[in-house]
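Spelled out, the chains give:
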Amino acid sequence: MPTEHLFATGAQAAADIAERIATILSDAIAVRGIATIALSGGRSPRPVLEALSLATLDWSKLIVTLVDERWVDAASADSNERLVRDTLLQGPAAQARFVPMKTDAADAYAGQPDVERAFAALPWPLDIILLGMGDDGHTASLFPESRELAEGLATDALTIAATPPAAPHQRLSLTASAILKSRHIFLQISGASKKAVYDRALAGGPVEELPIRLALLQDDVPVEVWIAEN
Ligand SMILES: O=C(O)[C@H](O)[C@@H](O)[C@H](O)[C@H](O)COP(=O)(O)O
């Protein structure tokens, strides 16, 4: 059962999430000498990443990577890599090691083997995986109606290339298996419509219908859900 943190939106909310993440990362560095975090893209993470960037951490011992990526140039406004570099990896936090999910391959399907090899070299389980959720219940780039969804939920591979049914750009995404190879999952959602989807997901049903269920309907990995209802 997820641990729920209900809060209003605003800077304090982002600061609270960032503080919680920084504590887990700092503890990981103290215990294992290294910490790892995988971040989602979209709108929700931006204020959290800006707040996290100000945390006091031994950034040189942190590996930062992505939960998913759009197959666009890293300079594109749609790039999740750009989002992380522009928000988190600034100032002292720029000492962290970033592992990208985009290569020079022509498309995500051609790029996936190299990304898989790079991700296989990460120190699994990752310490934190920060997920978002769409109104359709997608998470990472595991979308309902996507032709790669069944494979993304079943494969032992860490990554998969996918073409969302409605969202722009081909994607590279962590698979369900990779997402559950983590010590902590954070889910950040805001707004009444997403809260309703979250509640429906939590009530049970097929993961294929609402892929966020892959994280919610399991008890192996602790899940913290940060919900801003307004
Ligand atoms: O690359 C992406 O777009 C994200 O990884 C995606 O899975 C995101 O987490 C959800 O779409 C929620 O996005 P918002 O935070 O913008 O609502």
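Residues numbered from 1 in each chain as written. Predicted model: local features only at pLDDT ≥ 70, side-chain atom pairs only at ≥ 80, totals over all residues. Heavy atoms only, no water.

Under the convention used in this document: UniProt positions are given in the numbering used here, feature names are shortened, and annotations may be inferred rather than shown by experiment.
The protein appears in an unreviewed UniProt entry as 6-phosphogluconolactonase from Sphingobium soli. Looking at the Function (unreviewed entry) heading of the UniProt record, one finds this comment for the protein: "Hydrolysis of 6-phosphogluconolactone to 6-phosphogluconate." Heading Sequence similarities (unreviewed entry) of the UniProt record for the protein holds this comment: "Belongs to the glucosamine/galactosamine-6-phosphate isomerase family. 6-phosphogluconolactonase subfamily."

### Concerning the site of the ligand
Let me state the cut-off plainly: Here a residue is near a molecule or strand as soon as one of its heavy atoms is found within 4 Å of it. N or O atoms closer than or at 3.5 Å make up a polar contact, with two conditions inside protein: a donor-capable atom paired with an acceptor-capable one, and, for residues adjacent in sequence, both atoms drawn from side chains.
The immediate surroundings of the ligand are formed by 14 residues, with Arg43, Ser44, Asp68, Ala140 and Lys194 found nearest. Residue Arg70 places a side-chain N or O atom 2.8 Å away from an oxygen atom belonging to the ligand.

### Concerning the sheet that holds strand 8 (residues 171-174)
Definition in use: Strand pairing is defined by DSSP finding a minimum of two bridges between the two strands. Secondary structure elements are taken from DSSP: a helix is a run of H or I of four residues or more, a strand is a run of E of two residues or more, and numbering for both begins at the N terminus. Here an angle of 0 to 180 degrees is reported between the N-to-C directions of two axes, which are lines fitted to C-alpha atoms, with helices fitted over the stretch in contact. Note on contacts: a residue pair qualifies if any of its non-hydrogen atoms lie within 4.5 Å across the two residues.
A sheet is described by the order of its strands in space; here 3 strands give the open sequence 4-8-7, paired in antiparallel fashion. Taken across any chain shown, the strands that pair with only one partner, and hence form the sheet edges, are strand 4 (68-70) and strand 7 (159-162). Neighbour-to-neighbour, the strand axes of this sheet turn through a mean angle of 15 degrees, independent of strand direction. Where strand 4 and strand 8 come together, 3 bridges link them in antiparallel fashion. Looking at strand 8, one finds that Glu69 is bridged to Leu172. The strands touched by helix 4 (residues 108-120) within the sheet are strand 7 and strand 8, with strand 7 carrying the most contacts at an inclination of about 165 degrees.

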